[in-house]
Amino acid sequence: MIEAVVFDLDGVLLQSEEVWDAVRERYVRERGGRYDEEVQRAMMGMSAPEWSRYLHEEAGVREEPEDINHDVVERMLEAYRSELPLLPGAVATVRRIADAFPLALASSSNREVFEEVLELAGIAGCFRATVSSEEVERGKPAPDVYLEAARRLGVDPTRCAAVEDSHAGIRSAKSAGMRVVAIPNAAYPPDDEAIALADAVVGSLDELTVDVLRG
């Protein structure tokens, strides 16, 4: 019996992977670092401490991880305030599902980033709990952020459904013991192995119904 729903943000409600990618690539190249497909894919699902350390240690950015994180976040906030790339149906879907279940957000984005996004979108009040992976020990694909979301909701993880789009996110939610509904990211599709782990796969937010979430 599903008692609560946990949403991912990037790639599920927000077409933001492209924004993160562009912002980090520009930042890294400005500083003479390496940014290619390997670097981009490696960072998907990482928490802010993890990807900022990765850029410092593996991509050749001389700045310290704390400074990398700060500078990239400032650029992301500027980009979102200029144009918020909500996916079609995002606001309506969140409000519709919130009428049926308590909601949480389990995001790899920094708290200051996703709080700004939720306010700009007008859906901050729909979520009873929010967690950034920077607040737990390990980012996705580890289960930590989903386990913490369930804890803050006061619901057993096995009674939660998660909505995810990426290989790291699907693995994270599944490892936490949740029912996973995948909406594959068209630009950065999850691999076949991750898709096979999902309990249900839908093509868009419009197809995300209460029945699909309950199974």
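Report on the accompanying structure. (Residues numbered from 1 in each chain as written. Predicted model: local features only at pLDDT ≥ 70, side-chain atom pairs only at ≥ 80, totals over all residues. Heavy atoms only, no water.)

## A look at the overall build of the protein
Within the protein, the regular secondary structure consists of ten helices and six strands. On C-alpha atoms alone, the protein measures out to a radius of gyration of 16 Å, which is about the 17 Å that the 2.2 N^0.38 rule sets for 215 residues. Based on the C-alpha atoms only, the size of the protein along its principal axes is roughly 50 × 35 × 30 Å. Taking all 215 residues of the protein together, the buried fraction comes to 57%. Considering only contacts in the protein between residues 6 or more positions apart, those separated by 24 or more positions represent 67%. (Helix = DSSP H or I, 4+ residues; strand = E, 2+ residues; numbered from the N terminus. Rg over C-alpha atoms; globule rule 2.2 N^0.38 Å. Buried < 20%, exposed > 50% of the residue type's maximum accessible area, 1.4 Å probe, protein only. Contact = heavy atoms within 4.5 Å.)

## So, the pattern of salt bridges
In total, this model carries 19 salt bridges according to the counting rule given. Across the pair Arg81 and Glu116 runs a salt bridge, and its minimum N-O distance is 2.9 Å. Separated by 35 residues along the polypeptide, Arg81 in helix 4 (residues 65–82) and Glu116 in helix 6 (residues 111–121) bring together distant segments of the chain. Among the salt bridges present, the one from Glu164 reaches Lys140, with a minimum N-O distance of 2.8 Å. One end of the pair, Glu164, is in strand 4 (residues 160–164); the other, Lys140, is in the loop between strand 3 (127–132) and helix 7 (144–153), and 24 residues separate them in sequence. In this structure Glu164 comes out as buried when scored by relative accessible area, which is 0%. Its relative accessible area of 5% is what places Lys140 among the buried residues. (Salt bridge = Lys/Arg side-chain N within 4 Å of Asp/Glu carboxyl O.)

## Thoughts on the sheet that holds strand 2 (residues 103–107)
Overall, parallel pairing links the six strands, which are arranged 3-2-1-4-5-6 in an open sheet. Across the chains shown, the open sheet's two edge strands, defined by having one partner strand only, are strand 3 and strand 6 (200–201). Contacting strand 1 (4–7), strand 2 and strand 3, helix 5 (residues 90–98) crosses the sheet at an angle of about 135° to strand 2. Running at roughly 150° to strand 3, helix 7 makes contact with strand 1, strand 2, strand 3 and strand 4 of the sheet. (Pairing = 2+ DSSP bridges. Axes fitted to C-alpha atoms, helices over the stretch in contact; angles between N-to-C directions.)

## Comments concerning the packing of helix 1 (residues 17–30) against helix 4
Running from N to C, helix 1 and helix 4 point in directions that differ by 135°, and their axes come no closer than 10 Å. Overall, the two elements helix 1 and helix 4 adopt an arrangement that is oblique. With respect to the hand of their crossing, helix 1 and helix 4 are arranged in right-handed fashion. Of helix 4, the residues touching helix 1 (which contributes Val19, Trp20, Val23, Arg24, Arg26, Tyr27 and Glu30) are Asp67, Ile68, Asp71, Val72, Arg75, Met76, Ala79 and Tyr80. (Parallel < 35°, antiparallel > 145°, perpendicular 65-115°, else oblique. Left-handed = near helix turned anticlockwise from the far one by under 90°.)

## Details of unusual backbone geometry
At the junction of Lys140 and Pro141, the peptide bond is cis and its omega measures out at 15° in the coordinates. With respect to the element layout, Pro141 can be found in the loop between strand 3 and helix 7.

## Re the pairing of strand 3
With five of six residues buried, strand 3 lies mostly within the body of the structure. Pairing between strand 2 and strand 3: five bridges, direction parallel. Opposite Leu105, over in strand 3, you have Thr130 as the bridge partner. Between strand 2 and its parallel partner strand 3, the chain crosses via helix 6, and the hand of that crossover is right-handed. (Right-handed = clockwise from strand over helix to strand, strands pointing away.)

## Observations regarding the layout of surface pockets
Space inside the largest pocket adds up to approximately 250 Å³. Each residue belonging to the lining of the largest pocket can be placed in one class, and the counts come to eight nonpolar, five polar and two charged. (1 Å grid on protein atoms, 1.4 Å probe; cavity = no way out; pocket = protein on both sides within 12 Å on 5 of 7 lines; lining within 4 Å. Points joined across faces, edges and corners; volume = space filled by probe spheres on them. Nonpolar A, V, L, I, M, F, W, Y, C, P; charged D, E, K, R; others polar.)

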